[in-house]
Amino acid sequence: MTGVNTGTDTNWFSARIIDWQRRYGRHGMPWQDTRDAYRVWLSEIMLQQTQVATALVYYPRFLARFPTLADLAAAPLEDVLALWSGMGYYSRARHLHACARAVMARFDGHFPTTAAQLQALSGIGRSTAAAIAVFCHGERAAILDGNVRRVLTRVFGIADDLSNAANERALWLRAEALLPRRDLERAMPAYTQGLMDLGATVCTRRNPTCAVCPLAGRCLAARNGHPECYPVKTRRAERRALAVWLLHATDEHERVWLTPRPARGIWARLYCLPEYGTRAELLAALAAPTRAHAVFRAPIAHALTHRDLSLHVVSVRLTSNNRLDGDSEGRWHAPSAWPALGLPAPIRRFLQAQAP
Ligand code: SF4
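Residues numbered from 1 in each chain as written. Predicted model: local features only at pLDDT ≥ 70, side-chain atom pairs only at ≥ 80, totals over all residues. Heavy atoms only, no water.

Novice: What is the right way to look at the overall build of the chain in this model?
Specialist: The helix and strand tally for the chain stands at 15 helices and eight strands. Each principal axis of the C-alpha atoms in the chain carries an extent, and together these give about 80 × 45 × 35 Å. Sorting the 356 residues of the chain into buried and exposed places 48% on the buried side. As displayed, the chain offers around 17500 Å² of accessible surface, 51% of which is attributable to carbon and sulfur atoms. Each charge class in the chain was averaged separately, 44 positive and 29 negative side chains, and the resulting centres sit 4 Å apart. (Helix = DSSP H or I, 4+ residues; strand = E, 2+ residues; numbered from the N terminus. Buried < 20%, exposed > 50% of the residue type's maximum accessible area, 1.4 Å probe, protein only. Areas by Shrake-Rupley, 256 points an atom, 1.4 Å probe, with all protein chains shown as cover. Lys, Arg positive; Asp, Glu negative; His and termini not counted. Charge placed at Lys NZ, Arg CZ, Asp CG, Glu CD.)

What follows is the structure, given as structure tokens:
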């Protein structure tokens, strides 16, 4: 990686980002214009792996149910997962809940103020900690999420493999060297928001719109004509295909048997149709007359971060006095109860499609 510039040589970068953000960046989002760490933290966690359009729906809904950190900490995890349902990456909701409880217990309900302290909390990584410290306190701290990584590697033509830890560290140093140096209270939030916005709306993964980019004149990737080649990351997590067998049991009241998932693994702690390792295991759990009328649904494809799931749902009719053998935690749930349950998105969609 080329050397990291410091001092006035980097001022052009932050100045252009700040100017662009003020004129063309995203304004008026419900999580902007506040220094309330609870609100900023919540929005940063949501926006990690969720599109702004989706966060705009979930964020107010979440705040209506949990107006304060204390409300969130006092709620059962089940309620938090239920409200998160549909946004995916549920570990965020579990960390959110754990973090709220930790801040109540260890910091008397007040988030710590520095990025270094924030980073020690559950579910808050280096970039998120920096974003909270910037937006709440104007700290001079760098973020390096996917959007910023893309902008920096393109502008500076950094073709080093970022799966290498030394290259990753060097990029963090670069990000820190580029930070504004004056008027931090005002400059840092505008700069940080600007970098996020530019990466999300202009310097996009495919087809970046260099013609309207404030950095175009000094961007090496735009100059060499191949911005989409950046960033370079050679080590990719292997995707694995996984077949999942699920029993969709309904009773005469159209209720569905749902059971909480284990605390670890895919969809941890969410409610789901009972899962079996194989088709044979699922069928073995059914009495012969039930098995004879089982309906095998077309497999549902669902992609997770490192897995391609193939959901094989088998529908059967039971009576309400039946319980599923070996499932002590599961029970019947009427359609009216589903909205309040934390359900994996494909299971929710499936149930809604079957609803009477
Ligand atoms: S000029 Fe193009 S490639 Fe370079 S930062 Fe701007 S949008 Fe990205």
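Novice: Which parts of the structure should I look at to understand the nonpolar core?
Specialist: Side chains of a nonpolar character, in soluble globular proteins, are inclined to be buried together. The biggest cluster of nonpolar side chains holds 100 residues, and the ones touching the most others in it are Phe13, Trp41, Phe62 and Phe111. Residue contributions to this core peak at eight residues, all from helix α8 (residues 126–137). Taken domain by domain, this core gets at least three of its residues from each of domain 1 (7–143 + 176–201) and domain 2 (240–354). Excluding its chain neighbours within four sequence positions, the residues that come into contact with Phe111 are Ala37, Tyr38, Trp41, Leu69, Cys99, Val103, Leu118 and Leu121. Judged by nonpolar contacts, the second largest core, of 14 residues, contains Trp257, Leu283, Val316 and Leu318. (Core = buried A, V, L, I, M, F, W, Y, C linked by side-chain atoms within 4.5 Å. Domains from an automatic or database assignment. Contact = heavy atoms within 4.5 Å.)

Novice: What is the right way to look at the pairing of strand β2 (residues 256–260) in this model?
Specialist: Two faces make up the sheet, and in a regular strand the side chains alternate between them. Among the five residues that make up β2, four are buried, leaving the element largely enclosed by the rest of the structure. Here β2 pairs with strand β8 (residues 331–333) via three bridges, running antiparallel. Within β8, the residue paired with Trp257 across the bridge is Trp332. Across two bridges, the pairing between β2 and strand β3 (residues 271–272) is antiparallel. (Pairing = 2+ DSSP bridges.)

Novice: Would you mind showing me how to read the packing of helix α2 (residues 37–48) against helix α6 (residues 91–107) here?
Specialist: Their axes nearest at 10 Å, the elements α2 and α6 cross at an angle of 160°. Judged on the interaxial angle alone, α6 and α2 are roughly antiparallel. Our pair here, α2 against α6, has a crossing hand that is right-handed. Every residue of α6 that contacts α2 at Trp41, Leu42, Ile45, Met46 and Gln48 is listed here: Arg92, Leu96, Cys99 and Ala100. (Axes fitted to C-alpha atoms, helices over the stretch in contact; angles between N-to-C directions. Parallel < 35°, antiparallel > 145°, perpendicular 65-115°, else oblique. Left-handed = near helix turned anticlockwise from the far one by under 90°.)

Novice: What is the right way to read the side chain of His312 from this model?
Specialist: On the secondary structure map, His312 appears in strand β7 (residues 307–317). Of the polar contacts made by the side chain of His312, one reaches the side chain of Ser310; its length is 3.2 Å. Setting aside its immediate chain neighbours within four residues, His312 contacts Ala243, Val244, Trp245, Leu246 and Pro299. (Polar contact = N/O pair within 3.5 Å; in protein donor to acceptor, adjacent residues only side chain to side chain.)

Novice: Any chance you could explain the site of the ligand here in plain terms?
Specialist: In the vicinity of the ligand, the contacting residues are Arg154, Val155, Val202, Cys203, Pro208, Cys210, Cys213, Ala216, Cys219, Ala222 and Pro227. Split by residue class, the shell around the ligand holds 10 nonpolar, no polar and one charged. (Near = heavy atom within 4 Å. Nonpolar A, V, L, I, M, F, W, Y, C, P; charged D, E, K, R; others polar.)

Novice: How do you make sense of the environment of Glu168 when you look at a structure like this?
Specialist: Tracing the sequence through the fold places Glu168 in helix α10 (residues 165–177). For the pair Glu168 and Val313, spaced 145 residues apart in the sequence, the C-alpha separation amounts to 43 Å. In this structure the side chain of Glu168 is engaged in a polar contact, spanning 2.8 Å, whose partner is the side chain of Arg149.

Novice: How should I be thinking about the pattern of salt bridges in this particular structure?
Specialist: Oppositely charged side chains may form a pair once their charged atoms are brought near each other. For the structure on display, the rule yields 12 salt bridges. Residue Arg65 is joined to Asp79 by a salt bridge in which the shortest nitrogen-to-oxygen separation is 2.9 Å. Taken together, the positions of Arg65 in helix α3 (residues 52–65) and Asp79 in helix α5 (residues 77–84) put the pair 14 residues apart, joining distant regions of the chain. Relative accessible area serves as the criterion here: at 28%, Asp79 is assigned to the partly exposed category. Among the ionic pairs, Asp183 bridges to Arg186, the shortest N-O distance being 3.0 Å. Residue classification places Asp183 among the partly exposed residues on the basis of a relative accessible area of 43%. Of the residues examined, Arg186 reaches a relative accessible area of 55% and is grouped as exposed. (Salt bridge = Lys/Arg side-chain N within 4 Å of Asp/Glu carboxyl O.)

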